[in-house]
Amino acid sequence: MKQHYIDEKTGISYTLRGDYYLPDLTLPTEEETKYIGIWGQRHLRYIRQHRKVFYTNLLTSGRLNGYLADIDRQAEALFFRLVKQMAESEGITEKLKAEHPMEWIGKMNVLREADAKIVNAEVIFA
């Protein structure tokens, strides 16, 4: 009896295990593992909980790491661009930082919190 065969229609190989032929399935490997920052990790948690089919498709196709790294880059770029633009529009300058550091810290914390909410809404939880 054959221990191994390949289905001509699908190209999937099968191996005999006990009385059954089971497909020889493996996950595709990614070419390189990319760094995933805080934004990518937040998005990962979101898609695991709320978009399970999408998450599973990315995982099984081997594209999850690259996708999350891209989301992380996009979110970080948006966050820093928003911080810079809003700081300029609010008059939060290096002069303020030098003369009144505690005031500068307070204003920047408020600004960063607002920008993080925008990034979450537009990129992470979209």
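The rules we used
Residues numbered from 1 in each chain as written. Predicted model: local features only at pLDDT ≥ 70, side-chain atom pairs only at ≥ 80, totals over all residues. Heavy atoms only, no water. Axes fitted to C-alpha atoms, helices over the stretch in contact; angles between N-to-C directions. Helix = DSSP H or I, 4+ residues; strand = E, 2+ residues; numbered from the N terminus. Parallel < 35°, antiparallel > 145°, perpendicular 65-115°, else oblique. Left-handed = near helix turned anticlockwise from the far one by under 90°. Contact = heavy atoms within 4.5 Å. Nonpolar A, V, L, I, M, F, W, Y, C, P; charged D, E, K, R; others polar. Core = buried A, V, L, I, M, F, W, Y, C linked by side-chain atoms within 4.5 Å. Buried < 20%, exposed > 50% of the residue type's maximum accessible area, 1.4 Å probe, protein only. Pairing = 2+ DSSP bridges. Expected span 1.5 Å × (residues − 1). Arc of directions from axis to C-beta. Phe/Tyr/Trp six-rings, centres within 6.5 Å; stacked < 30°, edge-to-face > 60°. Lys NZ or Arg CZ within 6 Å of the ring centre and 35° of its normal.

Undergrad: Where do I start with the packing of helix α1 (residues 38–50) against helix α5 (residues 101–124) in this structure?
TA: Helix packing for two helices is described by the angle between their axes and how far apart those axes are. Relative orientation of the contacting elements α1 and α5 amounts to 50°, with a least axis distance of 11 Å. One way to sum up the angle between α1 and α5 is to call them oblique. Between α1 and α5 lies a crossing whose hand is right-handed. Contact residues: α1 offers Trp 39, Arg 42, His 43 and Tyr 46, while α5 offers Ala 116, Val 119, Asn 120, Val 123 and Ile 124. Here the contact of α1 with α5 is composed, by residue class, of 6 nonpolar, 2 polar and 1 charged.

Undergrad: What should I look at first to understand the nonpolar core in this one?
TA: Nonpolar side chains tend to gather and get buried jointly when the protein is soluble and globular. If you look at the biggest cluster of nonpolar residues, it comprises 17 residues, and the most contacted ones within it are Trp 39, Ile 92, Met 108, Val 119 and Ile 124. Apart from residues lying up to four places away in sequence, Ile 124 is in contact with Trp 39, Arg 42, His 43, Tyr 46, Ile 71, Ala 75 and Val 119. Of all hydrophobic cores here, the second largest spans 9 residues; its members include Tyr 46, Ile 47, Tyr 55 and Leu 58.

Undergrad: I keep staring at the sheet that holds strand β1 (residues 4–6) and nothing clicks. Help me out?
TA: By definition, the strands of a sheet pair up through backbone hydrogen bonds, in either a parallel or an antiparallel sense. Pairing in this open sheet of 3 strands is antiparallel, and the strands run β1-β2-β3 from one edge to the other. Because the sheet does not close on itself, it has two edges, and the strands there are β1 and β3 (20–23). Each adjacent strand pair in this sheet contributes to an overall mean axis angle of 30°, direction not counted. Both strand β2 (residues 13–17) and β3 contribute to a ladder of 4 bridges, which runs antiparallel. When the sheet's bridge partners are listed, Tyr 14 is paired in β3 with Pro 23.

Undergrad: For this particular structure, what's the right way to read α1?
TA: Structural remark: α-helix, 3.6 residues per turn; residues separated by three or four positions point the same way. Counted at 1.5 Å a residue, the expected span for α1 with its 13 residues is 18 Å, and the 18 Å between its end C-alpha atoms agrees. Burial in α1 covers these residues: Trp 39, Gly 40, His 43, Leu 44, Tyr 46 and Ile 47. The buried residues of α1 occupy an angular sector of 165° when projected down its axis, which confines them to one face. The inward-facing, buried residues of α1 abut α2 (52–61), α3 (64–90) and α5.

Undergrad: Sorry, what's going on with the packing of aromatic side chains here?
TA: The description of an aromatic ring pair uses the distance of the two centres, along with the angle that the planes make with each other. Tallied over the entire structure, the rule returns 4 aromatic pairs. Arranged with centres 5.4 Å apart and planes meeting at 65°, the rings of Tyr 46 and Phe 125 form a pair that is edge-to-face. Of the two residues, Tyr 46 is situated in helix α1 and Phe 125 in the segment after α5; the sequence distance between them amounts to 79 residues. Considering the side-chain rings of Phe 79 and Phe 80, the 5.5 Å spacing of their centres and the 70° angle between planes classify their relative orientation as edge-to-face. When the ring centre of Trp 104 is taken as reference, the NZ or CZ atom of Lys 97 above it lies at 4.7 Å.

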